[in-house]
Amino acid sequence: LLCIGAGYVGGPTMAMIAHKCPQYKVTVVDVMPAKIAAWQTDDLPIYEPGLLDLVKTCRGKNLFFSTDVDKGIKESEIIFISVNTPTKTFGEGAGKSADLQYWEKTARDILRASKSDKIIVERSTLPVKTAIAMERILSLNEKGLKFEVVSNPEFLAEGTAIRDLEKPDRVLIGSKETKSGLEARKEIVDIYANWIPRDRLITSNLMSSELSKLAANSFLAQRISSINSLSALCEKVDADVNEVARAIGKDSRIGDKFLKASVGFGGSCFKKDILNLTYLCETFGLYEIAAYWESIVKMNDYQTNRFVQTITKAMFNTITNKRIALFGFAFKANTSDTRETSALYVTRKLMMEKAHVVISDPKAIKNAKNDLKEYGNDIEYQEDPYKAAKDAHAIAIITEYEKTSFYF
Ligand code: NAI
């Protein structure tokens, strides 16, 4: 098995497969030599609770990391693709549609380096019908090779990735419903069946699988925006949003998860995937549906903005030179990932007001420094939250760390 892309999805997923399936040789390749080098040390390129222990059980035995993409492709029978698919920043669909340049390059690498038939597994989150497009690119080969593309979107959440991979709510595998498509589907189902009960292995057609990933993230983000919208009203009418959340969450039709009001969702996926869904709807002329989903992102921006305004208002409308400690910078607890974190937006706003910002986070200081390098020494970084809080005029709690875990 080969995985192209050694990031937050590729690394942990393949470590779990290698750990659970010693009968497979698993190789993970990436174009970034520094990342591959880090995967070979105990200072992994990403932080996830339990990841290092998992990697150590199989690294060098049946789990390997390499920069030699072509060799990996040549030697593999099944290729998982976990390359990044960020929001496009230029041209048609800029700001909404997925940027598929890394994806397409991977398809062309596979086409060039392959010497035998292969199953290609789409792990990245992609617009609906990408698998079909990929099969079209791959079928252009003049070597007579056959490629079957299967969709297997990843549902793990950072911070709990290892638990999610070991005991997932479900694994979704979509394929064409032709003879060869169903055979490829079975091969992928059989890999996961090594540790996941069969009733959690869901199968579907290709497009349903691709759309389900966008839909799942949009539904999750929708819950956050819904409770955040109510938090603004609660503040006006002296209701407590936590009490409201508890009361509605007890209704089994609603459920109690994802009902915590916050500064707004961040992370590399929610916003990107909703915008991707929005763009898809617009492409098919479904403008009302697009506007409905897009409003979730607008509500999120509103909430983050409101958070900063609340800080300013509470401090007599001026925060210039005031020491404001941010507790948490990562987009969620137990990760070093700061992509699209609300903290970044909050920090920039506070810096515009010339506040003295102090950032404290147990795992994400390195990424925070990188994200905010334009401010140089104007921002203070403190791993120790007590030092960050000392003499602070305000403490802004950004990341939902459990009290105990923050202090370690
Ligand atoms: P990432 O940015 O951490 O990792 C992607 C890796 O792919 C990078 O290391 C990059 O160097 C590598 N890459 C790009 N082009 C390449 C090429 N042509 N050959 C070899 N390597 C190449 O991204 P992450 O977070 O792992 O996400 C990957 C995909 O999975 C995205 O589509 C994302 O939407 C999806 N996803 C992410 C989740 C998350 O929690 N981060 C959860 C579920 C899905």
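It should be emphasised that the depicted structure is a prediction, and the values quoted were computed from it without experimental measurement.

Quick notes on the overall build of the protein chain
- Counting secondary structure elements, the protein chain contains 16 helices and 12 strands.
- The C-alpha atoms of the protein chain give 23 Å as radius of gyration, which agrees with the globular expectation for 408 residues (22 Å, within 12%).
- The dimensions of the protein chain, computed from C-alpha atoms along their principal axes, are 70 × 50 × 45 Å.
- Of the contacts made within the protein chain by residues no fewer than 6 positions apart, 73% connect residues no fewer than 24 positions apart.
- Carbon and sulfur atoms make up 54% of the accessible area of the protein chain, which amounts to about 20,200 Å² in all.

Focus: the pairing of strand β4 (residues 78–81)
- Alternating residues of β4 divide into Ile78 and Phe80 and Ile79 and Ile81, and every residue in both groups is buried.
- As defined by bridge partners, strand β1 (residues 2–4) adjoins β4 across three bridges and the pair is classed as parallel. Bridge pairing in β4 links cysteine 3 to phenylalanine 80.
- As defined by bridge partners, β4 adjoins strand β5 (residues 118–122) across four bridges and the pair is classed as parallel. Opposite phenylalanine 80, over in β5, you have valine 121 as the bridge partner.
- Traced from β4 through helix α5 (residues 101–113) to β5, the parallel crossover comes out right-handed.

As for unusual backbone geometry
- At lysine 129, a residue that is not glycine, the phi angle is positive and equals roughly 85°.
- Its location among the elements puts lysine 129 in the loop between β5 and α6 (130–138).
- One non-glycine residue, aspartate 238, adopts positive backbone phi at about 60°.
- One can find aspartate 238 in the loop between α9 (206–237) and α10 (241–249).

Points about the site of the ligand
- Looking at the ligand, there are 25 residues lining it, with Asp30, Lys35, Thr85, Glu158 and Lys272 nearest.
- At 3.0 Å from an oxygen atom of the ligand is found a main-chain nitrogen or oxygen belonging to tyrosine 8.
- Within the contact set of the ligand, an oxygen atom lies 2.6 Å away from a side-chain nitrogen or oxygen of aspartate 30.
- In isolation the ligand offers 830 Å² of accessible surface; the protein chains occlude 94% of this area.

Focus: the packing of aromatic side chains
- Here the structure, examined in full by the defined rule, presents six aromatic pairs.
- Arranged with centres 5.8 Å apart and planes meeting at 55°, the rings of tyrosine 192 and tryptophan 195 form a pair that is tilted.
- Since its relative accessible area comes to 4%, tyrosine 192 is described here as buried.
- On the basis of relative accessibility, which here comes to 16%, the residue tryptophan 195 falls in the buried class.
- Taking 5.7 Å as the distance between ring centres and 40° as the angle between the ring planes, the aromatic pair formed by phenylalanine 219 and tryptophan 293 counts as tilted. Residue phenylalanine 219 is located in helix α9, and its partner tryptophan 293 is located in helix α12 (residues 287–314); the two are separated by 74 residues in the primary sequence.
- We classify tryptophan 293 as buried; its relative accessible area is 11%.
- Stacked on the ring of phenylalanine 155, the Lys or Arg arginine 170 has its end atom at 3.6 Å from the ring centre.

Remarks on the pattern of salt bridges
- Under the definition given, this model contains 27 salt bridges.
- The salt bridge partner of lysine 105 is aspartate 109, with a shortest N-O separation of 3.0 Å. Of this pair, lysine 105 and aspartate 109 both sit in helix α5, four residues apart, which is roughly one turn of the helix.

Looking at the sheet that holds strand β12 (residues 394–397)
- The four strands are arranged β11-β10-β9-β12 in an open sheet whose pairing can be described as parallel. At either end of the open sheet lies a strand with only one pairing partner, and these are β11 (380–381) and β12.
- With two bridges joining them, strand β10 (residues 356–360) and β11 adopt parallel strand pairing. Bridge pairing links isoleucine 359 to tyrosine 381 in β11.
- Helix α13 (residues 342–352) contacts β9 (323–327) and β10 of the sheet and is inclined by roughly 175° relative to β9.

So, the pairing of strand β2 (residues 26–29)
- Going residue by residue along β2, you find Val26 and Val28 tucked away on one face and Thr27 and Val29 tucked away on the opposite face as well.
- In terms of strand pairing, β1 meets β2 through three bridges, oriented parallel. Across the sheet, isoleucine 4 pairs through a bridge with valine 29, a residue of β2.
- After leaving β1, the chain enters helix α1 (residues 10–20) and then returns to the sheet as β2, a path that is right-handed.

Calculation notes
Residues numbered from 1 in each chain as written. Predicted model: local features only at pLDDT ≥ 70, side-chain atom pairs only at ≥ 80, totals over all residues. Heavy atoms only, no water. Helix = DSSP H or I, 4+ residues; strand = E, 2+ residues; numbered from the N terminus. Rg over C-alpha atoms; globule rule 2.2 N^0.38 Å. Contact = heavy atoms within 4.5 Å. Areas by Shrake-Rupley, 256 points an atom, 1.4 Å probe, with all protein chains shown as cover. Buried < 20%, exposed > 50% of the residue type's maximum accessible area, 1.4 Å probe, protein only. Pairing = 2+ DSSP bridges. Right-handed = clockwise from strand over helix to strand, strands pointing away. Near = heavy atom within 4 Å. Polar contact = N/O pair within 3.5 Å; in protein donor to acceptor, adjacent residues only side chain to side chain. Phe/Tyr/Trp six-rings, centres within 6.5 Å; stacked < 30°, edge-to-face > 60°. Lys NZ or Arg CZ within 6 Å of the ring centre and 35° of its normal. Salt bridge = Lys/Arg side-chain N within 4 Å of Asp/Glu carboxyl O. Axes fitted to C-alpha atoms, helices over the stretch in contact; angles between N-to-C directions.

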